[in-house]
Amino acid sequence: MHILIYSYNYYPEPIGIAPLMTELAEGLAQRGHQVRVITGMPNYPQREIYEEYKGKWYVTEQKNGVTIQRSYLRIKSKPNLIDRLLLELSFIFTSLPQAFNGKKPDLILLTVPPLLVSLPATLLGRLYNCPVVLNVQDILPEAAVRVGLMTNKLMIRFCEIIEKFAYKNATKISVIADGFRENLINKGVSAKKIICIPNWVNVNFIRPLAKKNFWRTVHQLDNKFVVMYSGNIALTQGLETVIAAATYLRHIPDISFVIIGESTALSRLQKYCLSCGADNVLLLPLQPREQLPQMLATADVSLIVQKSNVIAFNMPSKIPLALASGRPIVGSVPATGTAAKVIKESGGGIIVEPESPEALAAAVLEIYNNPTFATKLGNQGRKFAEEYFSFEQAIEQYEDLFFELLGKKRVKLPSVGQLSPQKSVKI
């Protein structure tokens with residue numbers, strides 16, 4: 001079938017939805033489908049167009065069987081509310097010519113946020129008379145309001161209208177956790193319209209490896225007990241809690257905290273480290289995709305961190321990665337949220353009170369002092385990832401959904417197998 005994926009983020013952006021949409025598009029192409037991706041010029045997480053794409057209005061690329069059609073974005077490194085709106089509007093207007101520049105799709109998959117992208121996707125669905133599947137990665141404006149990112153009442157109301165429009169006009173809505181389903185049903189969306197397909201991890205690529213490896217040695221972490229956070233560093237995380245927890249454990253020289261993220265956020269955290277005297281914290285930039293398995297294997301503990309005001313249905317995509325790596329998780333997350341629920345169900349980690357450095361430090365110390373317990377958690381987490389978060393399972397669910405909407409039956413194909421780390425994206 002001909003599949004058109006409308007995704008604001010895509011390769012080579014290293015974190016967030018981009019790696020997932022890239023893996024999905026490439027996996028569908030491997031299964032014989034013709035896949036075209038409409039996306040913007042890469043800019044995340046720096047919020048600056050990547051150097052090789054600067055000054056360009058349109059770029060068309062081919063990668064791993066996928067046609068990637070990029071368009072201009074009006075973007076600011078420190079956006080205010082108007083800048084964010086103009087960014088989304090710029091993508092809507094510049095992406096439409098690219099969307100029409102290709103073969104008629106049998107089906108459109110749209111990922112949100114951003115919300116406004118539902119407008120061109122709905123238009124295309126009507127013009128081409130094809131199903132539109134809305135993939136909901138976060139529920140806006142609700143999530144943004146909860147953490148204080150959106151306070152303007154007029155803008156909130158406008159986003160609520162767009163949200164309702166997106167749900168109403170989608171043929172089917174895929175969500176990444178049951179909490180999302182419940183939220184949408186409470187907003188009047190029919191349960192029959194919703195399907196839950198969790199975000200995935202390539203369990204062949206991300207797998208338990210020896211802790212003693214090249215990545216650990218290069219970063220001078222040999223003989224250290226490594227507590228690692230890797231990924232997006234935003235207002236919803238509150239990584240200051242991690243740094244404060246590190247100061248409680250400075251008296252144990254074996255324990256090192258490693259935070260891996262975007263450079264601008266690391267500069268802010270570096271200042272906080274200096275003010276706290278946290279000399280046991282190593283700050284590193286986002287790492288290349290091919291180094292990801294060894295990087296995750298270096299961890300003795302993987303951290304999932306959220307602030308206490310994070311909305312309950314939020315589901316960090318780093319959880320499947322941490323589980324697949326076979327390392328125990330410490331989740332500093334709200335006890336009633338989706339993140340806590342998944343970690344508990346997996347048996348791969350322990351939950352502590354969010355924004356509590358003392359509780360986080362105590363949990364790390366518990367695992368440090370109990371290697372048998374740590375091994376048990378890691379093994380249980382890996383097993384859970386294989387059963388519930390495998391890429392093979394997710395892509396088959398998407399394929400089944402697509403064929404169902406087209407009134408066809410999926411032909412069973414051999415396993416997609418391991419995606420090539422050299423040819424895939426960073427995370």
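Scroll up to find the structure.
Rules and cut-offs
- Residues numbered from 1 in each chain as written.
- Predicted model: local features only at pLDDT ≥ 70, side-chain atom pairs only at ≥ 80, totals over all residues.
- Heavy atoms only, no water.
- Helix = DSSP H or I, 4+ residues; strand = E, 2+ residues; numbered from the N terminus.
- Buried < 20%, exposed > 50% of the residue type's maximum accessible area, 1.4 Å probe, protein only.
- Contact = heavy atoms within 4.5 Å.
- Areas by Shrake-Rupley, 256 points an atom, 1.4 Å probe, with all protein chains shown as cover.
- Lys, Arg positive; Asp, Glu negative; His and termini not counted.
- Charge placed at Lys NZ, Arg CZ, Asp CG, Glu CD.
- Phe/Tyr/Trp six-rings, centres within 6.5 Å; stacked < 30°, edge-to-face > 60°.
- Lys NZ or Arg CZ within 6 Å of the ring centre and 35° of its normal.
- Pairing = 2+ DSSP bridges.
- Axes fitted to C-alpha atoms, helices over the stretch in contact; angles between N-to-C directions.

**Q** Sorry, what's going on with the overall build of the chain here?
**A** What the chain contains, in helices and strands, is 15 helices and 14 strands. With respect to the principal axes defined by its C-alpha atoms, the chain has extents near 65 × 50 × 45 Å. Counting over 427 residues, the chain shows a buried share of 58%. Counted over contacts in the chain with a minimum sequence separation of 6, partners at least 24 positions apart contribute 74%. Total accessible area on the chain stands at roughly 18000 Å², and carbon and sulfur atoms take up 54% of it. Counting 47 positive and 35 negative side-chain charges, the chain places the centres of these two groups 4 Å from one another.

**Q** Where do I start with the packing of aromatic side chains in this structure?
**A** Two aromatic rings are characterised by how far apart their centres lie and by the angle between their planes. This model, assessed by the stated rule, comprises 10 aromatic pairs. Seen in terms of ring centroids, Trp 200 and Tyr 398 are 6.3 Å apart; in terms of plane orientation they differ by 85°. Their pairing is edge-to-face. Taken together, the positions of Trp 200 in the loop between β8 (194-196) and α7 (214-218) and Tyr 398 in helix α15 (residues 391-405) put the pair 198 residues apart, joining distant regions of the chain. The burial state of Trp 200 is the same as that of Tyr 398; both residues are buried. Members of the aromatic cluster, joined through ring pairs, are Trp 200, Phe 391, Tyr 398 and Phe 402. The ring of Tyr 11 carries the charged tip of Lys 63 above its face, separated from the ring centre by 4.3 Å.

**Q** How should I be thinking about the sheet that holds strand β11 (residues 281-285) in this particular structure?
**A** The strands making up a sheet associate through hydrogen bonds between their backbones, and the pairing can be parallel or antiparallel. Spatial strand order, β11-β10-β9-β12-β13-β14: six strands in an open sheet with parallel pairing. This sheet does not close on itself; its edge strands, each paired only once, are β11 and β14 (349-352). For this sheet, the mean angle separating the axes of adjacent strands, direction not counted, is 25°. Taken together, the two bridges between strand β9 (residues 225-230) and strand β12 (residues 301-305) define a ladder with parallel strand orientation. Within β12, the residue paired with Met 228 across the bridge is Ser 302.

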